[in-house]
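Residue-level structure breakdown
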Amino acid sequence: MKKALTFFGLLFLLSFSLQSCKPDDIYHNLSDDAKGFVNFEIGDSFKLKNLNTNEVITLNVITKKILYENYGSGESSFISFGFAPAETYVQRGTYSFTDNLNCYNGEISVVANEEGGYQLTALIYGCFDNLGAGYVYNNTFFSTIDVLGIQYQNAYLLNSSPNILYYSKEKGILKIVNQSNNATLFSYVE
């Protein structure tokens, strides 16, 4: 009986120590630079001019979130003995905006990646419906860009088809341009 209790005690200690060998969850954080893409707060606004209609649209920030999303199970170099591997989480920052009529809508999103970088996207819809929905940043940056004769600093180019979108951390959307004829469709207004 004493041998059986010793065996079960050792088995319990071994199982408890193996449980503690589960690797820690992995978190990929946004850098301060990447968080700058979602500087706007709820209640902030920016304006765009529709150059086809001359309408000036005030876009109001209605939501803002910076949170972690489960990206799935991480790879582990540990032998898991049936225990769950580490989970991987990525940090995402987003803000969404709309006009007073809830017609022009969009969302700016930045997500941390495993390499320490980020993915920047813009989603526009509603009355923006013919401009292409999803815009993605592919490492094209302009230190200065002209928008209706005004020079703006630090513009990030996001691609979609058939248009491209220029974005500023400080101003929001600077302009949306048709790629085929280089015509500006929407532009930032002070």
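Everything numeric in this text was worked out from a predicted model, so none of it was measured. (Residues numbered from 1 in each chain as written. Predicted model: local features only at pLDDT ≥ 70, side-chain atom pairs only at ≥ 80, totals over all residues. Heavy atoms only, no water.)

1. A short note on the overall build of the chain
Under the convention used in this document: Numbering of helices and strands runs from the N terminus, with a helix taken as a DSSP run of H or I at least four residues long and a strand as a DSSP run of E at least two residues long. Buried, partly exposed and exposed residues are distinguished by accessible area as a fraction of the type maximum, computed with a 1.4 Å probe on protein chains only: under 20%, between the cut-offs, and over 50%, respectively. Contacts between residues were defined by any pair of non-hydrogen atoms, one from each residue, lying within 4.5 Å. Surface accessibility follows the Shrake-Rupley procedure with a 1.4 Å probe radius. Residue values consider only the protein chains on display as shielding.
Helices and strands together make up the secondary structure of the chain, namely two helices and eleven strands. Each helix and strand of the chain, ordered N terminal to C terminal, gives the series α-β-α-β-β-β-β-β-β-β-β-β-β. When each of the 190 residues of the chain is scored for burial, the buried share is 36%. Within the chain, contacts between residues at least 6 apart in sequence are counted, and of these 46% link residues at least 24 apart. For the chain, the accessible surface area stands at approximately 10,900 Å², while carbon and sulfur atoms represent 53% of it.

2. Structural notes on the packing of aromatic side chains
Heads up, the condition is: Stacked, tilted and edge-to-face are the three classes applied to pairs of Phe, Tyr and Trp rings, where Trp contributes its six-membered ring and a pair requires centres within 6.5 Å; stacked means planes under 30 degrees apart, edge-to-face means over 60, and tilted covers the rest.
One pass over the full model with this rule turns up 17 aromatic pairs. For the pair Tyr95 and Phe97, a centre-to-centre distance of 6.3 Å together with 45° between the ring planes defines the contact as tilted. For the residue pair Tyr95 and Phe97, the accessibility class agrees, reading buried in each case. One aromatic cluster is present, built from ring pairs that chain together Phe37, Tyr118, Tyr137, Phe141, Tyr156 and Tyr167.

3. Considerations on the environment of Asn29
Operational definition: Any pair of nitrogen or oxygen atoms within 3.5 Å is treated as a polar contact; in protein, a donor-acceptor pairing is required on top of that, and neighbouring residues in sequence qualify only through side-chain atoms on both sides.
For Asn29, the position within the fold is in the loop between strand 1 (26-28) and helix 2 (32-35). A relative accessible area of 43% places Asn29 in the partly exposed class. In this structure Asn29 touches Tyr68, Gln91 and Ala112, once residues within four positions along its chain are discounted. A distance of 2.3 Å separates the side chain of Asn29 from the side chain of Tyr68, its partner in a polar contact.

4. Focus on the side chain of His28
Structurally, the position occupied by His28 is in strand 1. Those residues within four positions of His28 in sequence are excluded, and the remaining contacts are Tyr68, Thr88, Tyr89, Val90, Gln91, Ala112, Asn113 and Glu114.

5. Notes on the pairing of strand 11 (residues 184-189)
Worth spelling out the cut-off: Two strands qualify as a pair provided that DSSP identifies no fewer than 2 bridges between them.
As defined by bridge partners, strand 2 (residues 45-50) adjoins strand 11 across four bridges and the pair is classed as antiparallel. By the bridge assignment, Lys47 is partnered in strand 11 with Val189. Both strand 10 (residues 172-178) and strand 11 contribute to a ladder of three bridges, which runs antiparallel. Bridging across to strand 11, Lys175 finds its partner in Ser187. Counting the residues between successive antiparallel strands, the hairpin from strand 10 to strand 11 contains five residues, one of them, Asn182, with a positive phi of roughly 60°.

6. Here we look at the layout of surface pockets
The criterion, for reference: Here a cavity denotes a set of grid points, spaced 1 Å apart and computed over the protein atoms alone, in which a 1.4 Å probe fits but from which it cannot get out, and a pocket denotes an open set meeting protein on both sides within 12 Å along at least five of seven lines; residues with an atom within 4 Å of a point are reported as lining. Grid points are joined across faces, edges and corners, and a volume is the space filled by probe spheres set on the points. Note on residue categories: nonpolar means Ala, Val, Leu, Ile, Met, Phe, Trp, Tyr, Cys or Pro, charged means Asp, Glu, Lys or Arg, and polar means any other residue, Gly included.
Counted as a void, the largest pocket has a volume near 170 Å³. If you go around the largest pocket, the residues you meet are Glu69, Tyr71, Val90, Arg92, Val111, Ala112, Asn113, Glu114, Glu115, Gln119 and Thr121. Counted by class, the lining of the largest pocket contains four nonpolar, three polar and four charged residues.

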